[in-house]
Amino acid sequence: MDTHITEINNSDVNYSSDPENIPLHQRPSISIRAKVAVSFSLFFLLSFTVTGWSYWILTKVETKIEFLEIADNYLVEIQQARRFEKNYLLYKTDLKEALEPLQKADDILTQNSGKIEKILGKVHFKTMVSFMAKYHDQLILLSSAKDDKEREAIVPMLRNFGSQMVSFAEEFVEKEQHSAKRMFLLAKRVPIYFMSALFILMVFVLTFLTRQLLLTLNRFMAYTRRIGEGDFTPIMPARKYKDEFTKLAEAFNHMTKELDHKHNVLLESHKLRAIGTLVAGVAHELNNPLNNTLLTASMLIEDFETLPDEEKMEMVHDVINETERAQKVVKNLLDFAREGETEIMALDLCKIVRDSTNLVVNQVKFAKVDLQLACDEHLPLIHGDDQKLKQVFVNLILNAVDALSPGGKIKIHVKKDDASRFVLVTVEDNGPGIPEHIQGRIFEPFFTTKTQNKGTGLGLSVSRGIVKKLGGYIRLASSKDRGTTFTVALPTTESAQPLTKPMP
Ligand SMILES: Nc1ncnc2c1ncn2[C@@H]1O[C@H](COP(=O)(O)OP(=O)(O)OP(=O)(O)O)[C@@H](O)[C@H]1O
Ligand SMILES: [Mg+2]
């Protein structure tokens with residue numbers, strides 16, 4: 001059954017949810033520049049947060065140190081007051097001496113009330129002040145006591161308030177010292193932790209970005225290789241969003257479209273040249289049946305009266321046969337030269353190769369070379385365009401003919417490969433072979449060793465383009481004096497990938 005694969009235009013495609021099928025320009029945009037900007041903003045934000053946090057901690061530590069200085073001064077004064085209190089109790093010194101440091105301690109509290117409240121809170125500050133006021137009151141009472149009995153009643157209370165006042169202040173100083181130390185340690189460590197985390201994050205982000213860039217660059221290198229090999233299928237990257245590389249892909253697609261067009265022009269120009277070559281041979285081939293027809297018809301007219309009816313009929317049949325032969329030659333050439341829509345269909349490769357040998361039969365005859373064609377039985381069908389494939393085989397056979405001297409041999413064999421995935425056509429000649437130093441160049445467009453007007457140098461490059469588009473390949477094996485073998489491999493209809501793009 002013939003399968004006809006028509007062109008799928010980008011605009012006609014029924015896009016599914018598969019990101020690969022969404023046209024490049026319709027994808028959401030996340031540019032590389034945006035990614036780099038976001039990464040840097042993130043780094044900046046993190047650095048800003050950590051710096052701000054360190055500043056805040058250090059300010060707190062500063063406040064605590066200030067408080068500790070105030071508390072230290074305060075403690076010195078109240079401890080001094082208590083020393084005078086002790087001297088009074090032991091040596092009966094003047095108790096009023098204790099009031100002076102107490103007054104200083106009170107001044108310290110009043111002057112720094114705001115700062116102390118900030119650290120201790122209002123309640124504790126009030127307790128502190130009340131302890132001092134009570135101690136002060138007891139001191140006054142003691143200094144104005146009239147007798148020992150009255151003094152003995154006041155002293156325990158005085159000592160009690162004194163010790164409470166000192167221990168309360170000492171307890172807070174110790175607590176705040178610990179807290180300041182802890183905060184200081186934290187402020188010292190956090191930047192180190194942050195730097196380490198930032199370093200890991202930077203390595204991760206840089207690796208990610210570099211990997212993305214390198215992978216995409218590698219993919220583009222593969223695209224250029226693919227385009228170089230004549231595959232002009234548009235690039236449809238799989239990523240869901242568009243970035244700077246999408247623009248590059250669009251530029252690539254524009255370039256491949258242009259190249260595809262130019263390639264088609266080359267293809268046509270090579271075909272025209274092949275037609276020119278064939279027409280020379282065909283003219284000769286038409287001459288024979290025309291001569292025979294003329295001769296038979298003349299003889300029939302001349303001997304019409306004398307010839308028996310049977311022989312007359314035979315001669316008429318001869319005329320018909322020769323005319324049909326000429327018609328076939330013309331049809332063959334018209335087929336080859338035909339322009340029109342490319343049609344990819346399931347084809348019998350053996351028939352195509354046979355038709356191609358028929359087209360060049362005269363060139364083969366003139367060159368006095370021997371051409372043998374062998375086709376294996378039960379060959380699977382292949383997908384292709386018969387005109388284009390004929391162009392490939394005509395070129396390979398003409399190349400072999402050109403390389404051979406009279407008496408040379410061309411063997412063509414159509415067979416399956418071992419895994420049955422390809423049908424292979426080998427075109428083998430026993431000519432001089434292709435020198436090793438030009439073997440890498442013969443597929444280049446316009447490379448030819450033939451003298452002017454004999455070859456354009458497009459044959460093999462065009463042939464390779466045609467075969468590649470059908471999912472096949474052409475291989476060369478050649479050595480000096482042993483001849484040349486070209487192998488054309490085309491995938492069978494079962495193994496071929498569905499073609500999404502038509503042949504040009
Ligand atoms: N069977 C062969 N034996 C020796 N050399 C060959 C053979 N086939 C190809 N070549 C070499 O490869 C070159 C390129 O071949 P290609 O078919 O591309 O161009 P051409 O034959 O020179 O020109 P055109 O195909 O336009 O007539 C030839 O010029 C020839 O040197
Ligand atoms: Mg050629």
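The structure presented is a predicted model; accordingly, all values stated were derived computationally and were not measured.

(A) Region of the structure containing the overall build of the protein chain. Across its full length, the protein chain holds 12 helices and seven strands. Relative to the compact-globule value of 23 Å for 504 residues, the protein chain shows a C-alpha radius of gyration of 52 Å, a clear excess of over 25%. Structurally, the protein chain occupies a C-alpha span of about 185 × 50 × 40 Å along its principal axes. In the protein chain, buried positions account for 39% of the 504 residues. Of the roughly 30,300 Å² that the protein chain leaves accessible, carbon and sulfur atoms contribute 58%. Of the side-chain charges in the protein chain, 63 are positive and 65 negative, and the distance between the mean point of each set is 9 Å.

(B) Region of the structure containing the packing of aromatic side chains. Summed over all chains, the structure comprises nine aromatic pairs. On the numbers, 5.2 Å between centres and 85° between planes, the contact of F220 with Y223 is edge-to-face. Highlighted residues: F220 and Y223, both in helix α5 (residues 148-228), separated by three residues, approximately one helical turn. With respect to class, F220 is no different from Y223; both count as buried. Put simply, the rings of F220, Y223, F245 and F252 touch in pairs and so form one group of aromatic residues. One residue, K312, lies across the ring of F304, its end atom 4.2 Å from the ring centre. Lying across the ring of Y473, R475 places its NZ or CZ 4.1 Å from the centre.

(C) Expanded view of the sheet that holds strand β6 (residues 473-479). Taken in spatial order, the five strands of this open sheet run β2-β4-β5-β7-β6, and their pairing is mixed. The open sheet is flanked by β2 (370-375) and β6, the only strands paired with a single partner. If you compare each strand with its neighbour and ignore which way they point, the axes differ by 10° on average. When β6 meets strand β7 (residues 483-491), the two strands line up antiparallel, connected through seven bridges. Bridge pairing links L476 to F486 in β7. The sheet contacts of helix α8 (residues 349-359) involve β2, β4 (409-416), β5 (422-429) and β7, and relative to β2 the element is tilted by about 165°.

(D) Layout of the UniProt feature "transmembrane region" (unreviewed entry) in the protein chain. The UniProt feature table records "transmembrane region" (unreviewed entry) at residues 36-58 and 190-209. In residues 36-58, helix accounts for 100% and strand for 0%; the two terminal C-alpha atoms are 33 Å from one another. Here residues 190-209 runs as 100% helix and 0% strand, with 28 Å between its end C-alpha atoms.

(E) The arrangement of the coordination of the magnesium ion (ligand 2) in detail. Of the protein atoms, only N395 (OD1) and N399 (OD1) coordinate the magnesium ion (ligand 2), at distances of 2.2 to 2.3 Å. On the criterion of helical spacing, the pair formed by N395 and N399 is a turn pair, its members being four residues apart in helix α10 (residues 386-403). The class of N395 is buried, set by a relative accessible area of 8%. Classification of N399 by relative accessible area gives buried; the value is 18%.

(F) Expanded view of the state of the cysteines. Under the defined criterion, the tally for this structure stands at one disulfide. Residue pairing for C350: its cysteine sulfur links by disulfide to C375, the two sulfurs lying 1.9 Å apart. Note on the C350 and C375 pair: the S-S dihedral is about 95°, so by sign convention the disulfide is right-handed. In this pair, C350 is assigned in helix α8 and C375 in strand β2, connecting sequence segments 25 residues apart.

(G) Structural context of the domain arrangement of the protein chain. Segmentation of the protein chain into domains returns domain 1 (32-208) and domain 2 (255-491). Here the C-alpha centroids of domain 1 and domain 2 sit 104 Å apart.

(H) Quick peek at the packing of helix α1 (residues 32-91) against helix α4 (residues 122-143). Contact pair α1 / α4: the axes reach a minimum separation of 13 Å and the direction vectors enclose 25°. Between α1 and α4, the angle is such that the two are roughly parallel. Between α1 and α4 the crossing geometry is left-handed. Contacts between α1 and α4 involve Y74, I78, A81, R82, E85 and Y88 on the former and, on the latter, M128, M132, Y135 and L142. Grouping the amino acids of the contact of α1 with α4 by side-chain chemistry returns eight nonpolar, no polar and two charged.

(I) Broad picture of the site of ligand 1. Neighbouring residues of ligand 1: 22 residues in total, closest T448, T449, K450, T456 and L460. Contact distances for ligand 1 include 2.9 Å between a nitrogen atom and a side-chain N or O atom of D429. Here an oxygen atom of ligand 1 and a backbone polar atom of G457 are 3.0 Å apart. When isolated, ligand 1 has an accessible area of 600 Å², and the protein chains bury 93% of it. Broken down by secondary-structure element, the contributors of at least two residues to the shell around ligand 1 are α6 (244-302), α10, α12 (459-469) and β7. No other element matches α10, which puts four residues into the shell around ligand 1.

Thresholds, definitions, all that
Residues numbered from 1 in each chain as written. Chains lettered and ligands numbered in written order. Predicted model: local features only at pLDDT ≥ 70, side-chain atom pairs only at ≥ 80, totals over all residues. Heavy atoms only, no water. Helix = DSSP H or I, 4+ residues; strand = E, 2+ residues; numbered from the N terminus. Rg over C-alpha atoms; globule rule 2.2 N^0.38 Å. Buried < 20%, exposed > 50% of the residue type's maximum accessible area, 1.4 Å probe, protein only. Areas by Shrake-Rupley, 256 points an atom, 1.4 Å probe, with all protein chains shown as cover. Lys, Arg positive; Asp, Glu negative; His and termini not counted. Charge placed at Lys NZ, Arg CZ, Asp CG, Glu CD. Phe/Tyr/Trp six-rings, centres within 6.5 Å; stacked < 30°, edge-to-face > 60°. Lys NZ or Arg CZ within 6 Å of the ring centre and 35° of its normal. Pairing = 2+ DSSP bridges. Axes fitted to C-alpha atoms, helices over the stretch in contact; angles between N-to-C directions. Contact = heavy atoms within 4.5 Å. UniProt positions renumbered as here; feature names shortened; annotations may be inferred. Donors = N, O, S within 2.8 Å, 3.2 Å for Na, K, Ca; no water. Disulfide = S-S within 2.5 Å. Domains from an automatic or database assignment. Parallel < 35°, antiparallel > 145°, perpendicular 65-115°, else oblique. Left-handed = near helix turned anticlockwise from the far one by under 90°. Nonpolar A, V, L, I, M, F, W, Y, C, P; charged D, E, K, R; others polar. Near = heavy atom within 4 Å. Polar contact = N/O pair within 3.5 Å; in protein donor to acceptor, adjacent residues only side chain to side chain.

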